[in-house]
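Residue-level structure breakdown
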Amino acid sequence: MFLVLFWIYTIIMVIVWWFFLVAKIHFYKFRDYSLYIAPVTKFVTIFLLLLTIFWYYQIYQYSTSSWDNNTTTVQDSAIKEIY
């Protein structure tokens, strides 16, 4: 499950980063018209990088937490029940 989620997320993030880099190239063509283009672009770059790393971490946590799921048999669960 980890590899499936990892690759799906990687493909999505490649598309998002590609879109952002193309937009950044076009924004920097007009950076002489506004003082805010460069700082906002840097902020969005850092924010996007942090979100990318955070969600890779979340995928890792989700995949490792599903391995700890101990399945019990009917007999084991009947023995452990306390009335």
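This structure is a prediction, so every number in the text was calculated from the model and none was measured.

Bringing the nonpolar core into the picture now. Tyr9, Met13, Phe20, Leu48 and Ile59 form the largest nonpolar core, which has five residues in total. The set of elements that each furnish at least two residues to this core consists of α1 (2–29) and α2 (37–67). Counting residues per element, this core draws most heavily on α1, at three residues. Apart from the residues within four sequence positions on either side, Leu48 is in contact with Met13, Val16, Trp17 and Phe20.

What follows deals with the packing of aromatic side chains. Considering all chains together, one arrives at nine aromatic pairs under this definition. Considering the side-chain rings of Phe43 and Phe47, the 6.1 Å spacing of their centres and the 15 degrees angle between planes classify their relative orientation as stacked. Of the two residues, Phe43 and Phe47 are both situated in helix α2; the distance of four residues between them amounts to about one turn of the helix. Residue Phe43 is classed as exposed on the basis of its relative accessible area of 57%. A relative accessible area of 46% means that Phe47 is categorised as partly exposed. An aromatic cluster is built from Phe2, Phe6, Trp7, Tyr9, Tyr56 and Tyr60, whose rings are joined through pairwise contacts.

Our focus in this paragraph is α1. Each α-helix turn comprises 3.6 residues. Residues three or four places apart therefore point the same way. Between its terminal C-alpha atoms α1 stretches 40 Å, which fits the 40 Å expected from 28 residues at 1.5 Å a residue. For α1, every residue scored as buried is listed here: Tyr9, Thr10, Met13, Phe20 and Ala23.

To continue, consider the side chain of Ser63. Within the secondary structure, Ser63 is located in helix α2. Judged by its relative accessible area of 4%, Ser63 is buried. Excluding residues within four positions of it along the chain, Ser63 makes contact with Phe2 and Leu5.

The rules behind each value
Sequence order as written defines residue numbering, which begins from 1 separately in each chain. Per-residue local features are limited, in this predicted model, to residues with pLDDT of at least 70; the limit for side-chain atom pairs, both in listing and counting, is 80 or more; totals at the level of whole chains, interfaces and linings are taken over all residues. Values reported for side chains reflect all heavy atoms of the structure, with hydrogen atoms and water molecules removed beforehand. The term nonpolar core refers to a set of buried residues drawn from Ala, Val, Leu, Ile, Met, Phe, Trp, Tyr and Cys, joined through side-chain atoms within 4.5 Å. Throughout, exposure labels follow a simple rule: accessible area from a 1.4 Å probe, protein chains only, divided by the maximum for the residue type, with under 20% read as buried, over 50% as exposed, and the rest as partly exposed. Starting at the N terminus, helices and strands are each numbered in turn, a helix being any DSSP run of H or I of at least four residues and a strand any DSSP run of E of at least two. Residues count as neighbours in contact if any of their non-hydrogen atoms are within 4.5 Å of one another. Any pair of Phe, Tyr and Trp rings, taking the six-membered ring for Trp, is counted once the centres come within 6.5 Å. Such a pair is stacked with planes under 30 degrees apart, edge-to-face with planes over 60 apart, and tilted for the rest. Between the first and last residue of a helix there are one fewer steps than residues, each counted as 1.5 Å, and that sum is the expected span.

The values reported here are purely geometric and, on their own, carry no functional implication.
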